[in-house]
Amino acid sequence: MLFRSERNEVSDSHTFMSAPDERGHFGDFGGRFVPEALMPACLELETAFIDAWRDPSFTTEYRQVLREFAGRPTPVTPLDRLSEQLGIRIFAKREDLAHTGSHKINNVVGQTLLTKRMGKHRVIAETGAGQHGVATATASARLGLECTVYMGEIDTERQALNVFRMELLGATVVPVTSGSRTLKDAVNEAMREWVTCVDDTHYCLGSVMGPHPFPWMVREMQSIIGIEAAQQLKDLGVENLDMVVACVGGGSNAAGVFAGFANAPTRLVGIEAAGGSAVGKGSPGVLHGMKSLLMQDEFGQIEEAYSISAGLDYPGIGPEHAYLARSGRAEYFAIGDSDVIHALQVLSLSEGIIPALETAHAVAWLLQEAGKEIPLGSTVLLNLSGRGDKDVAQVREILRGQR
Amino acid sequence: MKSLETHLRALRSTGRKALVPYFVAGLTPDWIQHVEAAVHAGADAVEIGIPFSDPMMDGVVIQGAALRALEAGTTLDSLCAQLLTLSTSVPLIAMTYYNIFHHYGLERSTGKLQSSGVSGAIVPDLPPEEASDWMKASASRDIANIFMVAPSTPPERLGRLARLSEGFCYASARMAVTGKSSESGQGRRVVESIRAVSDIPTYIGIGISTPNQAREACEVSDGVIVGSALVQVILNGGGADDVENFVTSFRRSID
């Protein structure tokens, strides 16, 4: 396995998805906009990450845990029936088959190992749909770390089973009642809590967002998705991949899969929820420690996102995505709630895979754009970022309501 | 030297401890009268909190107050227009998050602040590493940039923050967001470490909620900032008289 950071040191500076500048900027975006109380912790984390990521004993253990505990490598599956229906050739990178049901485990395995290496014994995390919370609770249980997860009160209701999963895994789930009571406020609350406990606690941020080094570090820890997929497609005899498609909330699964193809002649496509479309509807701003594209009103107040999927219910996007969007290297489109359930049903019926509602946004875009944005005959990699088990109760309610 | 710092250094040379109450702009329709009541009761400068939807550095009291002010339609323009009606002359210091100024435009923001009588700014999520554009915009408008020093700030950063701070240096007493606290905190240690590298006036804030805590803080610092405890009085329905009584009790305690 080749790590992106190792690659960066030998590649020229014009490559996409290399390291940010020394203050964490991707072009005009990124950086570190945090209260002074958190600056030392961010600086400590940056040093610890750079040190660990260059240390073969750390990366060897990381790879070993991903293999033996998280179930990597995840397979690439040709989606034959859907391909035939749509007239494009679709392969799916099966992050839904990773332990805990999504790509989130890749990042938390890395960050919890880093937590121990820094001599801290506790992690806090935010979660939207609960996938990152469950993954963090899982990786923490494995290492005997204390774990507290902040989750918007609305999300604790939408995703009650994930709350119980986290509790079974020994984590404490704190419902967040401020603001919109969703992911955005869970991040605020986790940051506020982190100020009080930075000495012994690591903030295990779940996406490619927040202050430097988080966007870079989380992308590096997720880049295994794209690195594996590139090799697997080669092994399957796919020489030219036309497009990679992934859903985007904060953007960690997309960043991970894009990283494997960023410097290949492959279109990179991120699919946002229409109600959480930071690229589509946002403008540059500063939130949660980063400069990025944000949904905000004319006065710079952050707008509340709304999406059927708690994991995409976020008014911002990771700063590297903002950079990829503005530089034109990646393209972003939005899919509305109404198309998502249908896409989930189509993938379930045609391929025997029930995707997460987040992932179903990317599926919906394939259904909508085959023969349009996606020329017939194209070869496409879909990052199947998560499985739909967590969503079936919600989907049942919606389908009952439609009858 | 920015005029805020000249003013606050002169205040220190008289031997008077600075009392800086914090208000959330637009929290109530008569918030300007609250500010005037505080000045009447002996405030030496006033922090004007500009409400933001996602106040990362604030605890529940100021979060709730900011939300209320936003629901009442408060904007940077509306509160600056109201500041012009103030019949007092103490220094005003804006406190808000960077996105408000970034979105409004940095030049436009500092121009607006200056023309509204504001002479200092605290932007807690803007560390010096990211502040060069803001410092440039505020330089020509005589807006002093006040940086915070936290108990966690290591010595090499502390020197830089103290050197860059204008007006005064904000010493956080606690590793916490704004809000009430019963512990005595680490304010003394933070102030002493600032003093070791700079003679800038140094005020303690974060968790100063009683006159006794303010007096203790002033044993070592040049002044105190009182936020959440005062905002709570207003959230509880207190009017200008209550604000005046509150500030008077702090004034008596530190004099």
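Cut-offs used in this document
- Residues numbered from 1 in each chain as written.
- Chains lettered and ligands numbered in written order.
- Predicted model: local features only at pLDDT ≥ 70, side-chain atom pairs only at ≥ 80, totals over all residues.
- Heavy atoms only, no water.
- Helix = DSSP H or I, 4+ residues; strand = E, 2+ residues; numbered from the N terminus.
- Rg over C-alpha atoms; globule rule 2.2 N^0.38 Å.
- Buried < 20%, exposed > 50% of the residue type's maximum accessible area, 1.4 Å probe, protein only.
- Contact = heavy atoms within 4.5 Å.
- Areas by Shrake-Rupley, 256 points an atom, 1.4 Å probe, with all protein chains shown as cover.
- Lys, Arg positive; Asp, Glu negative; His and termini not counted.
- Charge placed at Lys NZ, Arg CZ, Asp CG, Glu CD.
- Phe/Tyr/Trp six-rings, centres within 6.5 Å; stacked < 30°, edge-to-face > 60°.
- Lys NZ or Arg CZ within 6 Å of the ring centre and 35° of its normal.

Counting secondary structure elements, chain A contains 17 helices and 14 strands. Taken over the C-alpha trace, chain A has a radius of gyration of 19 Å; the compact-globule value for 403 residues is 22 Å, and the two agree within 12%. Once the C-alpha set of chain A is aligned to its principal axes, its extents read approximately 55 × 50 × 45 Å. Relative to its 403 residues, chain A shows a buried fraction of 65%. Counting only contacts in chain A whose residues sit at least 6 apart along the sequence, the fraction spanning at least 24 positions is 75%. Of the accessible surface of chain A, which amounts to about 13,600 Å², a share of 50% is contributed by carbon and sulfur atoms. The averaged location of the 50 negative side-chain charges in chain A is 3 Å from the averaged location of its 36 positive side-chain charges.

So, on to the packing of aromatic side chains. Tallied over the full model, the rule gives 14 aromatic pairs over all chains. Note on Phe-16 of chain A and Tyr-323 of chain A: the rings are 6.4 Å apart at their centroids and 40 degrees apart in plane angle, and the pair reads as tilted. Of this pair, Phe-16 of chain A sits in the loop between helix H1 (4-10) and strand S1 (25-26) while Tyr-323 of chain A sits in helix H14 (residues 319-327), placing them 307 residues apart in sequence. Take Tyr-323 of chain A: its relative accessible area is 29%, and that puts it in the partly exposed class. In this structure, Arg-142 of chain A is placed above the aromatic ring of Phe-69 of chain A, and the distance from its NZ or CZ to the ring centre is 5.4 Å. In this structure, Arg-108 of chain B packs its charged tip against the face of Tyr-104 of chain B, placed 3.8 Å from the ring centre.

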